[in-house]
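Analysis of the macromolecular model
Residue-level listing of the chains:
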Amino acid sequence: METGGKILIVDDNDFIRIAVSKMLSLLGYEVSSADSGENGLSIFRKNKFAIVLSDYEMPGMDGVTFACSVKKRSPRTRVVIMTGAGKETVFSRKSTAVDEVISKPFTLAEIDETIQNVSGLAFCA
């Protein structure tokens, strides 16, 4: 993904949402954020995003349900789930809407590598 690509961050935890937004902004991405799956869908419907990063466990709409809603509207948008629950937990739901899972806590390099991987580009340090 070219630097400057648009990414949507969805997480009900203010600290994580703000921290990830700042991390991605430092890497040159244009970032929008939402505090719930419902608010995330509202923002998603009004904008085009190359990648969406969503928390797995949120009140109301969880991350996989959110991912399915994103894919129904835009099948080519890449969806990454951020979780402390472990990758197996997310992938055990057998959702094709989730392109990648990143385990919390993660570093700047790990989030960059994940974004590059789902974008189909090789990671360059």
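Structure shown above.
Residue numbering note: each chain is counted from 1, following its sequence as written. Only residues with pLDDT of 70 or above have their local features reported here, since the model is predicted, and side-chain atom pairs are shown and tallied only from 80 upward, although totals for entire chains, interfaces and linings are computed over all residues. Neither water nor hydrogens contribute to the side-chain values; these are computed over all heavy atoms in the structure.

**Considerations on the layout of surface pockets**
Each cavity reported here is a set of points on a 1 Å grid over the protein atoms alone in which a 1.4 Å probe fits but cannot get out, each pocket an open set with protein on both sides within 12 Å along at least five of seven lines, and each lining residue one with an atom within 4 Å of a point. Grid points are joined across faces, edges and corners, and a volume is the space filled by probe spheres set on the points. Within this model, the largest pocket holds a volume of roughly 260 Å³. Along its surface, the largest pocket is lined by 15 residues, and Phe49, Ala50, Ser74, Arg76 and Thr77 are the ones closest to its centre. Secondary structure follows DSSP: runs of H or I at least 4 residues long count as helices, runs of E at least 2 residues long count as strands, and numbering of each begins at the N terminus. Put simply, the parts of the chain that give the lining of the largest pocket at least two residues each are helix 2 (37-46) and helix 5 (108-119). Its residues placed into classes, the lining of the largest pocket shows 6 nonpolar, 4 polar and 5 charged. Basically, the charged four are Asp, Glu, Lys and Arg, the nonpolar ten are Ala, Val, Leu, Ile, Met, Phe, Trp, Tyr, Cys and Pro, and anything else, Gly included, counts as polar.

**Some points on the sheet that holds strand 1 (residues 6-10)**
A pair of strands is treated as paired once DSSP finds two or more bridges between them. Ordered by their spatial adjacency, 5 strands build an open sheet running 2-1-3-4-5, and the pairing between neighbours is parallel. The open sheet terminates on both sides in strands that have one partner only, identified here as strand 2 (30-34) and strand 5 (100-103). Each neighbouring strand pair of the sheet contributes to a mean axis angle of 20 degrees, computed without reference to strand direction. Alignment of strand 1 against strand 2, held across 5 bridges, turns out to be parallel. Pairing of Lys6 across the sheet is with Glu30, part of strand 2. Those strands touched by helix 1 (residues 14-26) are strand 1, strand 2, strand 3 (51-55) and strand 4 (78-83), and its axis lies near 170 degrees from that of strand 2. Working rule for contacts: check all heavy atoms of both residues, and any pair within 4.5 Å makes them a contact. Whenever a helix is involved, its axis is fitted only over the stretch in contact; in every case the axis is a line through C-alpha atoms, and angles between N-to-C directions fall within 0 to 180 degrees. Against the sheet, helix 3 (residues 63-73) makes contact with strand 1, strand 3 and strand 4, and its axis sits at roughly 170 degrees relative to strand 4, the strand it touches most.

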